Amino acid sequence: GDFRYGIGINGAYNKNNVTRIANGEQIIHGLTDVLSQATKEMYRAQVGYPVGYFYGYKTDGIFQNQEQIDALRAQGIGTLATAQPGDVNFVDLNGDGAITDEDKTMIGNPHPDFTGGLNLTFGYKGLDLGITAIGSFGHQIAKSYRSFADSPLQNYTTEIFERWHGEGTSNTLPRLTSGSHTNNQNISDIYIENGNFVKLQNVTLGYDVKRLFTKLPFSQARFYVTAQNLYTFTNYSGMDPEIGYGSSESWVSGIDVGFYPQPRTFMFGVNLKF
């Protein structure tokens, strides 16, 4: 009758794995100084892993007191020689009693496991509504919004209020330090966040006033309002989880160093048909 509707759904499953690299090491190394100045390689292509995977240290919270550091050393578990309360506890992954490059591993994958889209259209007499949404799931984003060799007095995002500043205050973000420090220079999973999101890409509501004013000299006089990038459902703390940046290399993605977010846009218009 007067009611109309349409539903469109699409989805894709993605599995990414490097099978061959034509050099002896079977690795293509990433650049340094990408996530921030004075940081080492944070991504690479390597046989057996997703292309451009995030590479660094796993962490086990923040050292809360000196006793915690001393206890690990007594067990022969590696810590940095400079470690003190408030510093990141990097995991001695290979168990050799030291924190070295050998403890680095895959800490994130920028490629989503699943992407999908949804398109809904509804109509009732002269009224119409269209909704388009997209989603991406199962991937990670590497995020850093400042240069860590700078003074701690320079700008941070408000999450810095949740940093460690005394025993029991934080087990996620380390203490503030002046200049370069291993807490920040060492690429680790404290920079990695889940990038799952669902984004309302387009919502359009329209009405054909010809239905009310039948004597208008048009076959249709439709007024509409459209909202683009209306809302993003995500737990990602950055400005926009739809990240495309990959430094200067085309095989790298998912790095957020201040990626400018897509604007929310409202448009009003009219369609006239004679």
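Residues numbered from 1 in each chain as written. Predicted model: local features only at pLDDT ≥ 70, side-chain atom pairs only at ≥ 80, totals over all residues. Heavy atoms only, no water.

Draft legend 1. Region of interest: a nonpolar patch on the surface. Where nonpolar side chains cluster on the molecular surface, the patch consists of F3, Y5, I7, I9, L118, F122, Y124, L127 and L205 and spans about 940 Å² of accessible area. On the secondary structure map, Y5 appears in strand β1 (residues 3-13). (Patch = residues over 30% accessible without salt bridge, like charges linked within 9 Å, V, L, I, M, F, W, Y side chains within 5 Å. Areas by Shrake-Rupley, 256 points an atom, 1.4 Å probe, with all protein chains shown as cover. Salt bridge = Lys/Arg side-chain N within 4 Å of Asp/Glu carboxyl O. Helix = DSSP H or I, 4+ residues; strand = E, 2+ residues; numbered from the N terminus.)

Draft legend 2. Seen up close, the packing of aromatic side chains. Considering all chains together, one arrives at eight aromatic pairs under this definition. Ring centres of Y53 and Y55 lie 6.4 Å apart, and the angle between their planes is 85°; on these two criteria the pair is classed as edge-to-face. Judged by its relative accessible area of 11%, Y55 is buried. Measuring from centroid to centroid gives 5.3 Å for Y57 and F90, while their planes differ by 55°, and the two rings are tilted. Here the residue Y57 occupies a position in the loop between β4 (53-56) and β5 (59-62), and F90 occupies one in strand β6 (residues 88-90), the gap between them amounting to 33 residues. (Phe/Tyr/Trp six-rings, centres within 6.5 Å; stacked < 30°, edge-to-face > 60°. Buried < 20%, exposed > 50% of the residue type's maximum accessible area, 1.4 Å probe, protein only.)

Draft legend 3. Quick look at unusual backbone geometry. The phi dihedral of A38 falls on the positive side, at around 70°, and the residue is not glycine. When you line up the elements, A38 lands in the loop between β2 (27-29) and β3 (43-46).

Draft legend 4. Here's a closer look at empty space enclosed by the protein. Scanning all chains against the criterion turns up one cavity of 30 Å³ or more. The calculated volume of the largest cavity comes to roughly 60 Å³. Residue lining of the largest cavity: 13 residues in total, with F63, L80, A83, V88 and F90 positioned closest to the centre. Counting residues per element, the ones that place at least two in the lining of the largest cavity are β6 and α2 (182-185). (1 Å grid on protein atoms, 1.4 Å probe; cavity = no way out; pocket = protein on both sides within 12 Å on 5 of 7 lines; lining within 4 Å. Points joined across faces, edges and corners; volume = space filled by probe spheres on them.)

Draft legend 5. Inspection of the nonpolar core at higher detail. Counting residues in each nonpolar core, the largest one holds twelve residues, listed as V34, L35, M42, Y43, F54, I107, A142, I187, Y191, I192, V252 and I255. Once residues within four sequence positions are removed from consideration, I187 is found in contact with L35, T39, K40, E41, M42, Y55, G56, Y57 and I107. (Core = buried A, V, L, I, M, F, W, Y, C linked by side-chain atoms within 4.5 Å. Contact = heavy atoms within 4.5 Å.)

Draft legend 6. Main features of the pattern of salt bridges. Counting across every chain of the model gives eight salt bridges. The partner of D101 in a salt bridge is K104, and the shortest N-O contact between them spans 3.3 Å. Here R222 makes a salt bridge to D128, at a shortest N to O gap of 2.9 Å. Here the residue R222 occupies a position in strand β13 (residues 220-234), and D128 occupies one in strand β9 (residues 127-137), the gap between them amounting to 94 residues. Accessibility assignment for this pair places R222 and D128 in one class, buried. Overlapping salt bridges bring together K143, E159 and E193 as one network.

Draft legend 7. Region of the structure containing the sheet that holds strand β11 (residues 192-194). Read across the open sheet, the three strands follow the order β11-β10-β14; overall the sheet is mixed. Each edge of the open sheet is held by one strand with a lone partner, namely β11 and β14 (255-256). As paired strands, strand β10 (residues 140-143) and β14 are joined by two bridges and run parallel to one another. Within β14, the residue paired with K143 across the bridge is D256. (Pairing = 2+ DSSP bridges.)

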